[in-house]
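Each chain, written out:
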Amino acid sequence: MEKITVDAKVENLATVTEFIISSMEEKSCSVKIIMQIELVMEELFVNVASYAYEGGTGSCTICKEFEDDPAALIVTFIDSGVPYNPLEHKDPDTGLTLEERSPGGLGIFLVKKNVDELFYEHKDGQNILTFKKFF
């Protein structure tokens, strides 16, 4: 498993994304899978950067590992921000018009649609969100 720790600031999104995507390119992942992971990485990291530390600054550790049979990428986000389980929230009703929908929740909905497994736990004062994507 490899990991990096960065300040949870939106300016670090490119560093976080490159950490994951460069390895996927080495593994010859399809463009479609890479684009899905870029979307997921952006959504999850920007959420940590925007909300985890309630206007303050903290860090975010991103861990990555690959499995071979079947081929999969596993990424874990770890932060010490406010406890928040995004999986507890009901998916938005995408059948409603924009005017009828409540704001929020679409990002984690997109994450769920683009990964194969998604887990959350709060342990030792840390938010730990892990996703798995087969390729």
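Residues numbered from 1 in each chain as written. Predicted model: local features only at pLDDT ≥ 70, side-chain atom pairs only at ≥ 80, totals over all residues. Heavy atoms only, no water.

(A) How the structure looks around the sheet that holds strand β1 (residues 2–7). Read across the sheet, 5 strands follow the order β1-β2-β3-β5-β4 without closing on themselves; strand pairing throughout is antiparallel. Looking along the sheet, the strands with just one partner apiece sit at the ends: β1 and β4 (117–123). Neighbour-to-neighbour, the strand axes of this sheet turn through a mean angle of 15°, independent of strand direction. Alignment of β1 against strand β2 (residues 59–68), held across 6 bridges, turns out to be antiparallel. (Pairing = 2+ DSSP bridges. Helix = DSSP H or I, 4+ residues; strand = E, 2+ residues; numbered from the N terminus. Axes fitted to C-alpha atoms, helices over the stretch in contact; angles between N-to-C directions.)

(B) Fine view of the side chain of Asp79. Here Asp79 lies in strand β3 (residues 71–79). The charged side chain of Asp79 is buried without a salt bridge, its nearest counter-charge being Lys3 at 15 Å. Within the local environment of Asp79, its side chain forms a polar contact with the backbone nitrogen of Gly81, the two atoms lying 2.8 Å apart. Every residue in contact with Asp79, bar those within four places of it in the chain, is listed here: Val48, Ala52, Tyr53, Ser59, Gly125, Gln126 and Asn127. (Buried < 20%, exposed > 50% of the residue type's maximum accessible area, 1.4 Å probe, protein only. Lys, Arg positive; Asp, Glu negative; His and termini not counted. Salt bridge = Lys/Arg side-chain N within 4 Å of Asp/Glu carboxyl O. Polar contact = N/O pair within 3.5 Å; in protein donor to acceptor, adjacent residues only side chain to side chain. Contact = heavy atoms within 4.5 Å.)

(C) Local environment of the nonpolar core. Counting residues in hydrophobic clusters, the biggest one holds 33 residues, and the most contacted among them are Ile62 and Phe131. At the level of elements, β1, α1 (13–26), α2 (31–52), β2, β3, α3 (106–114), β4 and β5 (126–134) are the ones that each hand at least two residues to this core. Setting aside chain neighbours within four positions, we find Phe131 in contact with Ile37, Val40, Met41, Leu44, Leu73, Ile74, Val75, Phe77, Val115, Glu117 and Leu118. (Core = buried A, V, L, I, M, F, W, Y, C linked by side-chain atoms within 4.5 Å.)

(D) Representation of the environment of Lys123 in the model. As for its placement among the helices and strands, Lys123 is situated in strand β4. On the basis of relative accessibility, which here comes to 45%, the residue Lys123 falls in the partly exposed class. The spatial distance from the C-alpha of Lys123 to the C-alpha of Glu18 is 27 Å, given a sequence separation of 105 residues.

(E) Spotlight on the packing of α1 against α2. As a packed pair, α1 and α2 sit with axes 10 Å apart at the nearest point and diverge in direction by 155°. By the angle between their axes, α1 is roughly antiparallel relative to α2. Seen from above, α1 lies across α2 with right-handed handedness. Contacts from Leu13, Val16, Thr17, Ile20, Ile21, Met24 and Glu25 in α1 reach Ile33, Ile34, Ile37, Glu38, Met41, Glu42, Phe45 and Val46 in α2. Residue classes in the contact of α1 with α2 are distributed as 11 nonpolar, 1 polar and 3 charged. (Parallel < 35°, antiparallel > 145°, perpendicular 65-115°, else oblique. Left-handed = near helix turned anticlockwise from the far one by under 90°. Nonpolar A, V, L, I, M, F, W, Y, C, P; charged D, E, K, R; others polar.)

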